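Residue-level listing of the chains:
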Amino acid sequence: MAVVTDPQPPARTDPPASPDGGRRRIVAMTVWAVAFVAAWLAIGLPTDPAYAFVWIWAATIAWNSERPWRSHLRFARDWVPVVLLFVVYNLSRGFADNGATPHAMELIVADRFMFGWATGGEVPTVWLQQHLYHPQVHWWDVAASWVYFSHFVVALAAAAVLWIRDRHRWAAYMRRWGFLCAAGLVTYFVYPAAPPWWAAQNGLLTEVARISTRGWKAFGMHGAGNVLNAGQIASNPVAAMPSLHTAWALFVVLFFLTATRRRWWPLLLAYPLAMTFTLVYSGEHYVIDVLVGWAYVGMTFLVVGLAERGWAAWRTRHPSAKSDQAKEPPPTPTNQPEPPTPREPDPTPPTRLPGRLIMKLLPSSTACRAITS
């Protein structure tokens, strides 16, 4: 008899809903936000890579507080090598000039050649500060300070989100990001170049103020840029070519651009443009530094993309020995006896027993039913 049952719904693959309705996550993120603001006002914004990593890791723990600690430790395991590489990168930039006089005049000539017709022969940095820089802080100074600070957080935060959602894409992101930073670091050693504020201090330009952090003073947050200001003092002043600030901004936007709806593209592309304005206006970079940084981003996607496709093609042509062994059937042991050969069926039809003999062998009731049938 057949039994008819209602079809069962497919098993859910998404994570189960939190039994408390997400209140635990809200409480954890609130605690994180309060601690972040307190540390921001007391110490400064997290512009150091190691310091920023601590806060990003704490944010992932608060967001996924219901997960076991093994998951959070796995995040640290994957990220500690990355953070160490960025710490080495920041320290190594200080040795890029090696005591030599940095390049400055050719950058000034390049900016004057491209924009002198519109700026009266001045570089864009000098022209912007002549028109926008005033003793009192304006709203564009505040916006510039926040855009400048985003350089130290946006790329790391995007990588953290990728790690949580798709570790394969996170690996692709980190390969490109690492290549971009390595290419910039090599250029700092090969071609040490000074920013506009350095050129002004050495008499190559008219007065240029370094104003990347002055916008926070409008809110009374005088200590917001303490970590950043200390890093600027200790960093290499001749690491201007290329501008990795704009390179990082464009890199993050381009990495996620194809996965974003086109109606959001203008908003995303406005971020590297805002970073460009901030760096040029605040005296941190020339426009030529920005353009070279953008060229490095294009080179990064091209080179790493070709390398990934080449590696995939090589793996296809040269499968690993382990994969080959897995595909081959296991060999037959030589010391085991061979299985017996199966006997062929006998073509002779079976012998039919006489009816009387069958009746003797069957019980009486069975025999009666056989006779009647």
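Residues numbered from 1 in each chain as written. Predicted model: local features only at pLDDT ≥ 70, side-chain atom pairs only at ≥ 80, totals over all residues. Heavy atoms only, no water.

Here we take up the packing of helix α8 (residues 167–190) against helix α11 (residues 244–257). Packing of α8 against α11 brings their axes to within 11 Å, and their N-to-C directions diverge by 155°. Classified by the angle between their axes, α8 and α11 sit roughly antiparallel to one another. Here the hand of the crossing between α8 and α11 comes out right-handed. Taken together, the residues of α11 that come into contact with α8 (itself represented by Arg169, Ala172, Tyr173, Arg176, Trp177, Leu180, Cys181, Gly184 and Tyr188) are Leu244, Ala247, Trp248, Phe251, Val252, Phe255 and Phe256. When its residues are assigned to classes, the contact of α8 with α11 shows 13 nonpolar, one polar and two charged. (Axes fitted to C-alpha atoms, helices over the stretch in contact; angles between N-to-C directions. Helix = DSSP H or I, 4+ residues; strand = E, 2+ residues; numbered from the N terminus. Parallel < 35°, antiparallel > 145°, perpendicular 65-115°, else oblique. Left-handed = near helix turned anticlockwise from the far one by under 90°. Contact = heavy atoms within 4.5 Å. Nonpolar A, V, L, I, M, F, W, Y, C, P; charged D, E, K, R; others polar.)

Moving on, we come to the side chain of Thr125. Looking at where Thr125 falls in the secondary structure, it is placed in helix α5 (residues 124–132). With near-sequence residues (within four places) excluded, Thr125 lies in contact with Pro196, Val208, Val280, Gly283 and His285.

Take the packing of aromatic side chains next. Summed over all chains, the structure comprises 19 aromatic pairs. For the ring pair Trp177 and Trp248, a centre distance of 5.1 Å and an interplane angle of 80° mean the geometry is edge-to-face. With a gap of 71 residues between them, Trp177 in helix α8 and Trp248 in helix α11 connect regions that are remote in the sequence. Look at Trp177 and you get buried, because its relative accessible area is 1%. Given the relative accessible area of 12%, Trp248 is considered buried. Centre to centre, the rings of Phe277 and Tyr281 are 5.6 Å apart; their planes meet at 10°, and the pair counts as stacked. Here Phe277 and its partner Tyr281 are both found in helix α12 (residues 265–281), four residues apart, which amounts to about one turn of the helix. For Phe277, a relative accessible area of 32% gives the class partly exposed. Note on Tyr281: relative accessible area 1%, which makes it buried. (Phe/Tyr/Trp six-rings, centres within 6.5 Å; stacked < 30°, edge-to-face > 60°. Buried < 20%, exposed > 50% of the residue type's maximum accessible area, 1.4 Å probe, protein only.)

For the rest of this paragraph, the subject is the confidence of the model for the protein chain. Within the protein chain, residue pLDDT values average 77, and 71% of them lie at 70 or more. When pLDDT is averaged over each helix and strand of the protein chain, the minimum, 46, is found for helix α16 (residues 364–372) and the maximum, 94, for α12. Contacts from residues 365–373, a stretch scored under 50 in pLDDT, to residues over four places away or in other chains number three contacts. (pLDDT = per-residue confidence, 0-100.)

We now examine the pattern of salt bridges. Evaluated as defined, the whole model comprises six salt bridges. Among the ionic pairs, Asp78 bridges to Arg77, the shortest N-O distance being 3.2 Å. Its relative accessible area of 10% is what places Asp78 among the buried residues. Judged by relative accessible area, Arg77 falls into the exposed class, the value being 53%. When the shortest N-O distance is used, the salt bridge between Arg175 and Glu308 registers 2.8 Å. Highlighted residues: Arg175 in helix α8 and Glu308 in helix α13 (residues 287–317), separated in sequence by 133 residues. (Salt bridge = Lys/Arg side-chain N within 4 Å of Asp/Glu carboxyl O.)

Here we come to the packing of α12 against α13. Running from amino to carboxyl end, α12 crosses α13 at an angle of 145°, the nearest separation of the two axes being 10 Å. Crossing handedness for the pair α12 and α13: right-handed. On the side of α12, the interface is formed by Pro272, Leu273, Thr276 and Val280, while α13 contributes Val287, Val290 and Trp294. Here the residues of the contact of α12 with α13 sort into six nonpolar, one polar and no charged.

Here we take up the nonpolar core. Core analysis: the biggest nonpolar cluster contains 35 residues, and Trp79, Trp170, Tyr173, Trp177, Leu180 and Trp248 have the highest contact counts within it. Of all the elements in the fold, those that place two or more residues in this core are α2 (49–63), α3 (69–92), α7 (154–165), α8, α11 and α13. It is α8 that provides the largest number of residues to this core, a total of nine residues. Residue contacts for Tyr173: discarding those within four places in its chain leaves Ala155, Ala158, Ala159, Leu162, Phe251, Val252, Phe255 and Phe256. Counting residues in hydrophobic clusters, the runner-up holds 16 residues, among them Ala193, Trp198, Val208 and Met241. (Core = buried A, V, L, I, M, F, W, Y, C linked by side-chain atoms within 4.5 Å.)

Once that is clear, we can look at a nonpolar patch on the surface. A cluster of nonpolar side chains, contributed by Met299, Leu302, Val303 and Leu306, occupies part of the molecular surface with about 330 Å² of accessible area. Note that Val303 resides in helix α13. (Patch = residues over 30% accessible without salt bridge, like charges linked within 9 Å, V, L, I, M, F, W, Y side chains within 5 Å. Areas by Shrake-Rupley, 256 points an atom, 1.4 Å probe, with all protein chains shown as cover.)

In this fold, Ala295 is placed in helix α13. In this structure the C-alpha to C-alpha distance between Ala295 and Ala247, which are 48 residues apart in sequence, comes to 8.4 Å.

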